[in-house]
Amino acid sequence: MTNHWIDIRNSDCIMIIGSNAAENHPISFKWVTKAKERGAKLISVDPRFTRTSSKADIYAPMRSGCDITFIGGMIRWILNDMQTSSPAERAKKYNMTYMTQYTNAALIINDGFKGWKESGAAGMFIGYKQNTEPAPGKIGSYDKSTWKYANTTNPNVDAALVNNTWTGWSELNPKCVLRLLWENYKDFTLDKVEEVTGCPKDIFLKVCQTYAATGAPGKAGTIMYAMGTTQHTYGTQNIRGYAIMQLLLGNIGVAGGGINALRGTSNVQGSTDMCLLAHILPGYLSMVNHTDQTLTDYINRAKGAKFPVTPEGLEGDKSASWWWLSDEAQNYKKYMVSLLKAWWMENATAGNDFAFDYLPKVTKGHDYTHIGTFESMAKGIVKGMMVWGQNPAVGGPDSQGERHAMDNLDWLLVSDLFETETAAFWKRPDPESTDSTRRIDSSNIKTEVFLLPAACSYEKQGSISNSGRWAQWRYKAVKPIGEAKPDLAIMDALVLKLKEKYAGESGPKADPINKLFWDYHMTGEYADEADPNEVAMEIHGYNVVDKSPVKNFVSLKTDGSTCSGNWLYSGMFTTDGRNRAKDRDPVDASLNQIGLYSNWSWCWPINRRIIYNRASVDFDGQPWDSDHPVIQRSNGSWLGDIPDGGWPAINEAAPGAKYLPFIMQTEGVAHIWGPGRAEGPFPVAYEPWESPIHTNLVTGVTNGDLTGKGTPGFNNPCCYVGDLEGWNKKGGPDEFPCVGMTYRVTEMWQAGQMTRNHPWLNELQPEVFAELGPELAAEKGIKNGDKVKVSTARGYVLAVAIVTPRFHRMTIGGRKVDSVGVPWHYGFVGRSSAFHSSGNILTPHVGDANTTIPEYKTFLCNIEKV
Amino acid sequence: METVERKPKSTPILHYVFGAPPVPGEDVVERYSKPVRILHWVNAVAWIVLFITGLLFFVPQFGGGAVGGWSGLFHRIAAVVMVGWAALYFIASPRSALSGVREAFKWGKDDIGWLQAAPAYYMLGGEDTMPPQGHMNTGQKLWWLTVLGAGSLMIITGALMWFFKDIIPSGAFMWSAFFHDVGFIALLTFALVHVYLSVFHPKMRGIFWSMWGGKVSAEYAESHHKKWYDKVTKGEGS
Amino acid sequence: MAEKAILYDATKCTACRACQVACKQWNDLPGELTTNRGTYENPPDLSENTWLKISFTEVGETPDNFRWLFARRACMHCTDAACVEVCPTKALYHHELGFVAYKRDLCSGCGYCVEACPFDVPRSGGGGGGKVHGVRTMSKCIFCEDRITNGEEPACVKTCPTGALTYGDRSDLLAEGQARVASLKSTYPNAYLYGEKELNGLHVLYVLDDTPEVYGLPVNPKVPIAATVWQDVLQPIGWGAAGLVALGLGLNYVVARRKIKINSEEE
């Protein structure tokens, strides 16, 4: 989240899209309720009327997978409103200063860039090439050489836009970002939105008017989103749409605003911060790939990507570009060197490139994500797997495919509280599909499975980082039962054993392990297992010579005198060793009590509760919203939250030191134009990999590839579709006419390891169900409570039918489209009753172009009574 | 007409409480057959159990006694015994059962007369205005009617509450409870009168033994139930 | 002592059912074996092991005028409580804090309260008894008596994430409920505070944005006439009748004995 949970109560309009917060983040609704008590409006955008929608002022139905069109329609409405209003009116309704001065809306893009309507390839930007090699299974990729500013060292701005004197689009430079944005979205009229998404015009108009009202200076709107947004082949672009809209409305960096991802587990934020993902190192540093032969190669690559590029013609004349900051600071290098020191300590020196060679490197371009890993497993490349508190046999896409891939493993380690479907994959029920290549044959499965009992969160100490980036320290309440151990203790034992095994050897495989710094055993309770307090201190960082804690990441060094396991968490301790994640001061000392609670636990970065908060003030450092000030300049210092850069306000600062607010971007301004993503600087309305319609109603491209990989321009041209034979059977709309989706319920959690073993929760939601609308049910002769079969090209699920008007029939491009939804929590072990088919048996093994997150939320299915 | 031969087994204390049975040598008439007497005492015991356990159920002041379920259990056992024994009696001798029931409904001129004469008779002992009575005097017929009527009410409402609680609507259950209470009050008050008249009333002393040994003195029979006495002595059966 | 109450605001409830689970956790009640009957609502009914549940009602058509309404279902802790009225053992009684309290070890399993309650809340089956022998004690929400008499809120209130459930002095919650209903009236003209006057006041108040019927709550609930007539009319009559008869018989004995003695002496 850019903001945090409590801040939601400061909002004037909350849009919950791609999320069912009332059901899946129930505690968040405390803050939504408080906002509503203050008069805030709640908008729920969802293919299905959910428990969140039941509390909303406006419920907007939207076909699953149409966020880009829906938000695009809102963006178009806002842009049109801006353009048709007089400059004076426009400045009252929208914070034009914010938009032109703090984002790249006014910057000029290079002439060679062509959008998806002029590039010559329908639906694609300029520079596209379809992959012909059997490389990682993406349909294609872009040559982004034209996706740059006209002036790449000091981008120019459009003066008419910046001065707010323009009245028509033609008055703006044709390559000005805002004008390009208009071109990108101008077809998204109310009619078009209704045609594509199924949302009635009058409802959609209300959504636009209500949400756009938060654009006024002093008003804030927030977007709460979750997997409904991200789990699509263009999930990243869905979020980009939110970012663009929030920037147009001046809603980033302010109280009650922001782009707020509701994380799916209590500590997944912590796990992503610590880099438990294939493409990053702790603190979101770039993963080292095989082209980085030396540390210098790596740092140069970072510098190339992160060197400051300050725009010309804005009030702010300095971009921090904090990742690099300057050739003197080289922040990126500080963080990387300190990380290497933390890992190899005295064995990482200036002489050996700080042990850079010990770091395993990925092959550039290869996909190591969940989907890629399981494909590698299916190919026999990945031979062993450690699974910690995860249950991919239920939570991964194409469950039968992934379970079958696991048959190839030599060994499997599962650490969990209960026996899970993943640990029991070898005794799974026969696949519910007609694919004979996936028949289970236990006698041929040679995997050695180790099931290690793990302690649950109340049985161990450590921090949990919530969606709001707050790291709250938790304590051990009870001893783990039986032989269960905390994950840290298990890992500690594993590493020590590995060191034992490799002791006496040398060479590139043994050295990284032998020379690894690993000393977390203290005294007392932690004499024989790793002490999380010690690990936390290492993550925060200290001076290597005397182990004195550093102040924060600003104090980290490039010369190897400091270590830090994660620069982002540097600052979590005070210099006298107090762990601020343990702070519990319930007093809200923020300005006007906007709920920062800065002394309750600690958040990154350096306890800044609302990030990009320099955008919440004008050039004099005074808040746009005096009722909800985040920071405020007063007598030469900043009051309120930790400012996002402690430099003086723009008007106070000396020329050349007027820092722009978006300090992590190279240009110092926020990206409305965002060239960093794989499939485009702006979102384009692609159809999901399995779509119910034949022609993309926005790009005009017809789906030529009904059973194969996908059609660029109809689908996301860069999405991951896999390249494994026998996987990703694709269904067409004739055999599978309904739009299928998976989702969650309040009463069950994730892949169900814990909740399906709990009698009180099984009582509430005992078995898997399929929700469908009354029109579809009537046609199929399905009554409420009947047993039904939901099938896709991957397999089928047996479920209990819930026939409800909450899932009504839509008209999409003149065609009747029905939806069916299945919760994915269920599986074949545990204590829940009769039906336990895993919803993910239905989903396809395809993923987003940038993250490869699977497209769980939209596919084609059929339903019939059994 | 018989005479009592053996010395009765009763004792002076019992005589003090229940009055004296016919003395040896006295002429007696059989008033109640053995099956009838057994039926009476089975009922009497069952009813006492039902009354007491029912009191614990119904009346809040005695509610503490109902805790633990024992009173409920005995109430049910006694109910089954009462209904069961009556059913057995009916099956064993349907004719005498039916004729016994019919007695309550045979009303005539002398019954009206009884009603008019009862206050003086029972309060002051005045016999002049009391017309001759049959086997059952009017008061006994009234009692018998109450037993049959209120008893049926108790059995029906009791069965509804015990077996059909989960089936009948709540309103039906509540009214059943109400009428069960009505029946209880009617039966209790009348039972008190019955016991009083059978045991304590000066004019009826000793009649208790007719339900025990079955015999009543000829003198009593003639003075209290003349019409029946005449029939018996003429050999027409009782 | 100020009477306490629970305020349930249906407009804030998201039917997360944390209250159902908290109630089971605090009162050590087991989970029931259920199936999905075509709804999220489970268990299907209150029972000896389920003292609180949330009902789900779908009203209208999507997308324009559809509403999904949730309602709490548990003991309403009435001021004029039919169950207290009919309980023969006084296992059910009014606590000084206003709620209907319950002592399970006084319950005789008679089931009168189960039949008398106008909200159909009490359930028998506890205690392990059968149809003939043993006691099937009643179960219902007991207002977390052990918590509130120790300065805590009821478990359901404590756990509710949105604040749909609050606990406090009844007079305070009445004022809060009235204010909330007043603010809802502009958008929801049928908004209503249920429990203000019903049965002389319930200790569980409901803020509704529609009529009670739409939410499945009985309109103008009453103590059944049978219960009132039975307890308040018949019981005194019974005592009276028994007393009169005993008195009358006693009098008769005294008078008649004397009279008849005199008669026989005269003879």
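In what follows, the structure referred to is the one given above.
The rules behind these values
- Residues numbered from 1 in each chain as written.
- Chains lettered and ligands numbered in written order.
- Predicted model: local features only at pLDDT ≥ 70, side-chain atom pairs only at ≥ 80, totals over all residues.
- Heavy atoms only, no water.
- Contact = heavy atoms within 4.5 Å.
- Buried area = accessible area lost by both parts, 1.4 Å probe.
- Salt bridge = Lys/Arg side-chain N within 4 Å of Asp/Glu carboxyl O.
- Polar contact = N/O pair within 3.5 Å; in protein donor to acceptor, adjacent residues only side chain to side chain.
- Helix = DSSP H or I, 4+ residues; strand = E, 2+ residues; numbered from the N terminus.
- Pairing = 2+ DSSP bridges.
- Axes fitted to C-alpha atoms, helices over the stretch in contact; angles between N-to-C directions.
- Core = buried A, V, L, I, M, F, W, Y, C linked by side-chain atoms within 4.5 Å.
- Buried < 20%, exposed > 50% of the residue type's maximum accessible area, 1.4 Å probe, protein only.
- Parallel < 35°, antiparallel > 145°, perpendicular 65-115°, else oblique.
- Left-handed = near helix turned anticlockwise from the far one by under 90°.
- Nonpolar A, V, L, I, M, F, W, Y, C, P; charged D, E, K, R; others polar.
- Disulfide = S-S within 2.5 Å.
- Patch = residues over 30% accessible without salt bridge, like charges linked within 9 Å, V, L, I, M, F, W, Y side chains within 5 Å.
- Areas by Shrake-Rupley, 256 points an atom, 1.4 Å probe, with all protein chains shown as cover.

**Student:** Can you tell me about the interface of chain B and chain C, naming the residues and giving the values?
**Tutor:** The partner chain C presents 40 residues to the 42 residues of chain B that form the contact. At the boundary of chain B with chain C, total buried surface from both sides reaches about 3700 Å², with 69% on carbon and sulfur atoms. When residues of chain B are sorted by the area they lose upon contact with chain C, Met123, Met174 and Tyr196 of chain B head the list and together hold 17% of the total. Counting every contact that joins chain B to chain C gives zero salt bridges.

**Student:** Could you give me a rundown of the interface of chain A and chain C, with the residues and numbers involved?
**Tutor:** At the junction of the two partners, chain A supplies 42 residues and chain C supplies 37 residues. Between chain A and chain C lies a buried interface of about 3100 Å² when both sides are counted; carbon and sulfur atoms form 59% of it. Our count for the contact surface shared by chain A and chain C stands at four salt bridges. A salt bridge links Arg806 of chain A to Glu58 of chain C, with the nearest nitrogen and oxygen atoms 2.8 Å apart. Linking chain A to chain C there are 14 residue pairs in polar contact (both at pLDDT 80 or more). Contributions of two or more residues to the side of chain A that touches chain C are made by helix H1 (21–24), helix H2 (28–37), strand E3 (58–61), helix H21 (759–764), strand E21 (769–772) and strand E23 (796–803) of chain A.

**Student:** Let's hear about the side chain of Thr804 of chain A: which residues, and what values?
**Tutor:** Examined against the element boundaries, Thr804 of chain A turns out to sit in the loop between E23 and strand E24 (810–812). Polar side-chain contacts of Thr804 of chain A include one of 2.9 Å to the side chain of Glu58 of chain C. Excluding residues within four positions of it along the chain, Thr804 of chain A makes contact with Glu771, Leu772, Gly773 and Pro774 of chain A together with Glu58 of chain C.

**Student:** Describe the sheet that holds strand E7 (residues 259–261) of chain A, listing the residues and the values that go with them.
**Tutor:** Hydrogen bonds between backbone groups are what pair the strands of a sheet, and the pairing can be parallel or antiparallel. Residues and elements named next belong to chain A. Ordered by their spatial adjacency, five strands build an open sheet running E3-E2-E1-E6-E7, and the pairing between neighbours is parallel. Both edges of this open sheet fall to E3 and E7, since each of them pairs with a single strand only. Strand-to-strand twist of the sheet, defined as the mean angle between neighbouring strand axes without regard to direction, takes the value 20°. Against the sheet, helix H9 (residues 201–212) touches strand E1 (13–17), strand E2 (41–46), E3 and strand E6 (221–225), its axis set at about 125° to E3.

**Student:** Go over the sheet that holds strand E27 (residues 859–865) of chain A, please, and point to the residues and values.
**Tutor:** All names here are of chain A. Strand order around the closed barrel formed by six strands is E20-E26-E21-E23-E22-E27, with mixed pairing between neighbours. Adjacent strand axes in the sheet meet at a mean angle of 45° when their direction is disregarded. Strand direction decides the pairing type here: strand E20 (residues 738–743) and strand E26 (residues 819–823), joined by five bridges, are parallel. Bridged to Val739 within E26 is Ser819.

**Student:** Give a detailed account of the nonpolar core, specifying residues and quantitative values.
**Tutor:** All names here are of chain A. By size, the foremost hydrophobic cluster in this structure holds 192 residues, and its most contacted members are Met15, Phe70 and Leu178. No other element matches helix H3 (residues 67–84), which puts eight residues into this core. The contacts of Phe70, once residues within four sequence positions are left out, are Ile17, Val45, Ala60, Met62, Thr197, Cys199, Phe204 and Val207. Core analysis: the next-biggest nonpolar cluster, separate from the first, contains 53 residues, Tyr298, Met336, Tyr358 and Val535 among them.

**Student:** Talk me through the packing of H3 of chain A against helix H11 (residues 235–248) of chain A; I want residue IDs and the actual numbers.
**Tutor:** Residue and element names in this part refer to chain A. H11 packs onto H3 with a crossing angle of 20° between their chain directions and a minimal axis gap of 9 Å. Overall, the two elements H3 and H11 adopt an arrangement that is roughly parallel. Remark: the crossing between H3 and H11 carries left-handed chirality. When H3 is examined against H11, the residues Asp67, Ile68, Ile71, Met74, Ile75, Ile78, Leu79 and Met82 are found in contact with a partner set consisting of Gln237, Asn238, Gly241, Tyr242, Ile244, Met245 and Leu248. Grouping the amino acids of the contact of H3 with H11 by side-chain chemistry returns 11 nonpolar, three polar and one charged.

**Student:** Please give an account of the state of the cysteines that cites residues and values.
**Tutor:** Scanning the model with the defined rule gives zero disulfides over all chains in all. The cysteine Cys141 of chain C is free of any disulfide, with Cys75 of chain C supplying the nearest cysteine sulfur at 5.6 Å.

**Student:** Account for the environment of Gln231 of chain C, naming residues and giving values.
**Tutor:** Relative to the helices and strands, Gln231 of chain C resides in helix H7 (residues 225–266). Note on Gln231 of chain C: relative accessible area 10%, which makes it buried. Those residues in contact with Gln231 of chain C, other than ones at most four positions away along the chain, are Pro60 of chain B together with Glu85, Val86 and Pro236 of chain C.

**Student:** Which residues make up the pattern of salt bridges, and what are the values?
**Tutor:** Evaluation of the coordinates by the stated rule reveals 43 salt bridges over all chains. Ionic pairing is found between Glu779 of chain A and Arg809 of chain A, a salt bridge with its closest N-O pair at 2.8 Å. Of this pair, Glu779 of chain A sits in helix H22 (residues 774–780) while Arg809 of chain A is found in the loop between E23 and E24, placing the two residues 30 residues apart along the sequence. One salt bridge connects Asp818 of chain A with Arg809 of chain A, and the closest N-O pair in it is separated by 2.9 Å. Note on accessibility: Asp818 of chain A and Arg809 of chain A belong to one class, buried. Beyond isolated ion pairs, a larger network of salt bridges with shared partners links Glu23, Arg51 and Glu747 of chain A together with Arg17 of chain C.

**Student:** So what's going on with a nonpolar patch on the surface? Which residues, and what values?
**Tutor:** Residue and element names in this part refer to chain B. Taken together, the side chains of Ile13, Tyr16, Val17, Val195 and Phe200 define a hydrophobic patch exposed on the protein surface, amounting to about 530 Å² of accessible area. At the level of elements, helix H1 (12–18) and helix H7 (170–200) are the ones that each hand at least two residues to the nonpolar patch. Broken down by element, the residue count for the nonpolar patch peaks at three residues, all from H1. With respect to the secondary-structure elements, Val195 resides in helix H7. We classify Val195 as partly exposed; its relative accessible area is 43%.

**Student:** Now, about unusual backbone geometry: what can you tell me, with residues and values included?
**Tutor:** Cis geometry is found at the peptide bond from Trp604 of chain A to Pro605 of chain A, where omega equals -5°. Non-glycine residue Tyr284 of chain A carries a positive phi angle of around 65°. One can find Tyr284 of chain A in the loop between strand E8 (280–281) and strand E9 (285–286). Positive phi is not limited to glycine here, since Asn200 of chain C has a value of about 65°. Note on placement: Asn200 of chain C falls in the loop between strand E9 (192–194) and strand E10 (204–208).

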